[in-house]
Amino acid sequence: MNSSSTHSVAGQPQADGHGDMKSYFVGFALSLALTAASFATIMSDIVPHSWRLGSMVALCVIQLLVQLAYFLHLGTGKSQAQNTAIFACTGLLIVIVVAGSLWVMHNANINMMPTQAISQNE
Amino acid sequence: MSNPSLSATHDSAHHDASSQTTAGFWVYLMSDCLIFAVLFATFGVLVGNTADGPAGRDIFSLPYVAGETALLLLSSFTFGAGMLSARAGRRGPLLAWLVTTALLGAAFVGMELHEFAALVHDGAGPGVSAFLSAYFTLVGTHGLHVTLGILWLGVMLHQAWHYGLDEVVLRRLACLSMFWHFLDLIWICVFTFVYLRAFL
């Protein structure tokens with residue numbers, strides 16, 4: 001459940017799980033600002049090159065949490081705890097599938113010699 | 001499906017059924033999320049395999065993608081505002097918000113189709129390289145979801161107009177709002193890991 005506790009970073013809009021106009025406005029404004037920051041990271045020279053990937057991923061994750069909290073009303077409250085737990089399990093599966101695929105295929109690429117190179121060595 | 005007599009009961013048992021439905025729909029969304037995760041993983045593996053065709057930075061336009069993002073973000077907000085009207089029992093504002101959301105969604109799909117058509121026209125169609133196949137599959141699947149969401153919006157517009165804001169219509173609207181916000185989440189990952197990443 002450590003993933004659900006990080007949602008409190010993004011804020012806990014409404015206990016009843018429906019939100020109000022203010023929470024939608026806040027979520028929308030935060031999303032716009034984070035999106036603008038994401039595009040500015042890549043399209044301008046504000047962020048040094050070596051930091052770009054990290055800040056781009058961080059902005060993406062923050063915006064996902066903001067929208068989960070303010071638009072989908074996911075949180076640690078009693079009515080949303082079940083959904084949050086299901087989301088956390090799915091998140092774990094996604095990390096395993098995506099990171100595992102990239103890791104395995106990257107290793108396959110660097111460890112497998114191209115067939116042409118092998119035949120040339122022989 | 002939409003039996004108006006179902007709305008006659010407003011007891012707590014009905015409220016349980018409603019929250020069970022949204023919980024079940026959430027499980028569906030998570031399974032959909034896994035589909036996108038696999039498509040993202042495929043894209044990540046194949047992104048370098050351009051087969052002498054164009055790479056991402058040769059064909060993507062970030063200002064165009066920023067425009068698409070703005071449309072989808074705004075539509076998420078208008079749907080949220082519509083859900084507040086629905087819960088307050090105000091049908092007129094709800095219908096107006098839903099129409100606005102559908103128009104924004106349609107504009108997004110239109111921009112995406114225009115982008116795809118331009119790519120195919122410029123010799124960067126899905127058959128050119130593994131990278132482009134993965135790109136069209138991933139972004140196209142999201143676009144297809146948005147298209148189906150617009151269709152569902154049309155159905156809910158009709159139901160809200162015809163049956164009023166009874167328990168059943170509210171429940172379906174709640175599911176659709178989850179679906180719509182979920183597509184916004186997927187798009188955040190798309191513009192970050194497909195479009196922005198190409199210009200690192």
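Residues numbered from 1 in each chain as written. Chains lettered and ligands numbered in written order. Predicted model: local features only at pLDDT ≥ 70, side-chain atom pairs only at ≥ 80, totals over all residues. Heavy atoms only, no water.

Participant: How should I be thinking about the UniProt feature "transmembrane region" (unreviewed entry) in chain B in this particular structure?
Facilitator: UniProt feature "transmembrane region" (unreviewed entry): in the numbering of this structure it lies at residues 25–47, 59–82, 94–111, 131–153 and 173–196 of chain B. Annotation note: span residues 131–153 of chain B, helix share 100%, strand share 0%, distance between end C-alpha atoms 33 Å. (UniProt positions renumbered as here; feature names shortened; annotations may be inferred. Helix = DSSP H or I, 4+ residues; strand = E, 2+ residues; numbered from the N terminus.)

Participant: Explain the interface of chain B and chain A to me, please; I cannot follow it from the model alone.
Facilitator: One frequent convention defines the size of an interface as the accessible area lost when the parts assemble. Facing the 38 residues of chain B at the interface are 39 residues of chain A. Taken together, both faces of the contact between chain B and chain A bury some 3,500 Å²; the carbon and sulfur share is 86%. Three residues, Trp26, Phe77 and Leu200 of chain B, lead the burial of chain B against chain A; their summed loss comes to 19% of the area buried on that side. Linking chain B with chain A are 2 residue pairs in polar contact (both at pLDDT 80 or more). Residue assignment for the side of chain B that touches chain A shows that the elements contributing at least two residues are α1 (12–46), α3 (62–87) and α6 (167–195) of chain B. (Contact = heavy atoms within 4.5 Å. Buried area = accessible area lost by both parts, 1.4 Å probe. Polar contact = N/O pair within 3.5 Å; in protein donor to acceptor, adjacent residues only side chain to side chain.)

Participant: I'm lost on the UniProt feature "transmembrane region" (unreviewed entry) in chain A in this one. Help?
Facilitator: All names here are of chain A. Those residues carrying the UniProt feature "transmembrane region" (unreviewed entry) are residues 24–43, 55–73 and 85–105 in this numbering. Annotation note: span residues 24–43, helix share 100%, strand share 0%, distance between end C-alpha atoms 28 Å. In the segment residues 55–73, helix accounts for 84% and strand for 0%; the C-alpha atoms at its two ends are 25 Å apart.

Participant: Is there a simple way to think about the packing of helix α4 (residues 91–121) of chain B against helix α5 (residues 130–163) of chain B in this case?
Facilitator: Residues and elements named next belong to chain B. Put simply, α4 and α5 touch, their axes get as near as 9 Å, and they point 155° apart. Taken together, the axes of α4 and α5 are roughly antiparallel relative to one another. By crossing handedness, the relation of α4 to α5 is classed as left-handed. Of the residues assigned to the contact of α4 with α5, the class counts are 20 nonpolar, 7 polar and 3 charged. (Axes fitted to C-alpha atoms, helices over the stretch in contact; angles between N-to-C directions. Parallel < 35°, antiparallel > 145°, perpendicular 65-115°, else oblique. Left-handed = near helix turned anticlockwise from the far one by under 90°. Nonpolar A, V, L, I, M, F, W, Y, C, P; charged D, E, K, R; others polar.)

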